[in-house]
Amino acid sequence: MQKNINGITVEYTQRGEGTPVFLLHGWGCSGRTLESAAKIIAGKYCAISPDFPGFGASPEPPEPWDVAAYAQLTRDFIASFGCDKVLLLGHSFGGRVILKLVNIDLPFTVEKIILTGAAGIRRQPGKKAQRRVKIYKTSKAVLSAVYPKALPALQQRFGSADYNAASPLMRQILVKTVNEDLRDCMPALTMPTLLIWGENDDATPLADGREMEKLMPGAGLAVLPNAGHYAFLDAPAHFGAVIKSFLEIA
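A brief look at the structure comes next. Values in this document were obtained by computation on a predicted structure and should not be read as measured data.

Its place among the elements puts His25 in the loop between β3 (20–24) and α1 (35–41). At a separation of 3.0 Å, a polar atom in the side chain of His25 contacts the main-chain amide nitrogen of Phe52. With near-sequence residues (within four places) excluded, His25 lies in contact with Ser30, Gly31, Leu34, Pro50, Asp51, Phe52, Phe55, His91, Phe93 and Gly94.

The next thing to look at is the pattern of salt bridges. Going through the model one piece at a time under the given rule, you end up with seven salt bridges. Residues Asp76 and Arg75 are paired through a salt bridge, measuring 2.7 Å at the closest nitrogen-oxygen approach. The buried category is assigned to Asp76, whose relative accessible area is 16%. One salt-bridge network, in which partners are shared between bridges, spans Arg123, Asp181, Arg183, Asp208 and Glu211.

Across the interface, helix α2 (residues 67–79) lies against helix α3 (residues 93–101) with an axial gap of 8 Å and an inter-helix angle of 75 degrees. Regarding the angle of α2 to α3, the classification is roughly perpendicular. Contact residues: Val67, Ala68, Tyr70, Ala71, Thr74, Arg75 and Ile78 in α2; Phe93, Arg96, Val97, Lys100 and Leu101 in α3. Residue classes in the contact of α2 with α3 are distributed as eight nonpolar, one polar and three charged.

Another aspect to go through is unusual backbone geometry. Within the chain, Asn6 stands out as a residue other than glycine whose phi angle is a positive 55 degrees. Assignment of secondary structure puts Asn6 in the loop between β1 (2–5) and β2 (8–15). For Asn6, a relative accessible area of 60% puts it in the exposed group. Positive phi, close to 55 degrees, is recorded for Ser92, a residue that is not glycine. In this structure, Ser92 sits in the loop between β5 (85–91) and α3.

On to the packing of aromatic side chains. By the definition in use, this model includes 14 aromatic pairs. On the basis of an interplanar angle of 90 degrees and a centroid distance of 5.3 Å, the ring pair of Tyr70 and Phe93 is categorised as edge-to-face. Of this pair, Tyr70 sits in helix α2 while Phe93 sits in helix α3, and the two are 23 residues apart along the sequence. Across the pair, Phe93 and Tyr70 agree in class, each one buried. Measuring from centroid to centroid gives 5.9 Å for Phe232 and Phe239, while their planes differ by 65 degrees, and the two rings are edge-to-face. As far as the burial class goes, Phe232 and Phe239 line up, both buried. An aromatic cluster of three or more residues is present, and its members are Trp27, Phe52, Phe55, Trp65, Tyr70 and Phe93. Its end group placed over the ring of Phe81, Lys3 keeps NZ or CZ at 4.5 Å from the ring centre. Between the NZ or CZ atom of Lys112 and the centre of the ring of Phe246, over which it lies, the distance is 4.8 Å.

Calculation notes
Residues numbered from 1 in each chain as written. Predicted model: local features only at pLDDT ≥ 70, side-chain atom pairs only at ≥ 80, totals over all residues. Heavy atoms only, no water. Helix = DSSP H or I, 4+ residues; strand = E, 2+ residues; numbered from the N terminus. Polar contact = N/O pair within 3.5 Å; in protein donor to acceptor, adjacent residues only side chain to side chain. Contact = heavy atoms within 4.5 Å. Salt bridge = Lys/Arg side-chain N within 4 Å of Asp/Glu carboxyl O. Buried < 20%, exposed > 50% of the residue type's maximum accessible area, 1.4 Å probe, protein only. Axes fitted to C-alpha atoms, helices over the stretch in contact; angles between N-to-C directions. Parallel < 35°, antiparallel > 145°, perpendicular 65-115°, else oblique. Nonpolar A, V, L, I, M, F, W, Y, C, P; charged D, E, K, R; others polar. Phe/Tyr/Trp six-rings, centres within 6.5 Å; stacked < 30°, edge-to-face > 60°. Lys NZ or Arg CZ within 6 Å of the ring centre and 35° of its normal.

And the structure:
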């Protein structure tokens, strides 16, 4: 299924009936990544999983968007369904979008939120990371002057997996995304908010979840043992039980 939102094609899947729950995926993924959660939610609600522009089957945005642009697109996508109340679930990058979304004017009410491995807290890099950045910048300056053809190999060596896998446009978006701290957005989450974290999450550490719980007035944190950044895949039974309880799904 697809919708045209302000000239942007958004692919999405939909299952179930009732109050809509919009499931927003993480970076480098698609709406189908959250399919296991969507199946559970569809037992009581209408589960709608869009592919963000530049992911899955949705084309890239026309320019290097920031998180606010993705939030605006998501606002308009949700509004196109004509619903007056919704629930939201966001993983990783999808959590970033939700944090921005609840801080703008909305034509609908967000009743409940689930965030799992949500991104949004920017921490100062450690000494090792700082040294790595310094080496990269120095090497880039030298190669740009004497051997520019070697720059792609340098970026491949020093870039993250997400960065290396992305297109040139999406790389620009990724840089904008990871450099933005969203702590100031968190106090707006006054509605019931469930934070689900894998105790072994090495992408958005458990410390991020604990800090979000403190900054979000309506939040409670559930920690899943032996799970990582994709807690819904690492511990599906436990994850499912937690969201069923929160969403009152029999």
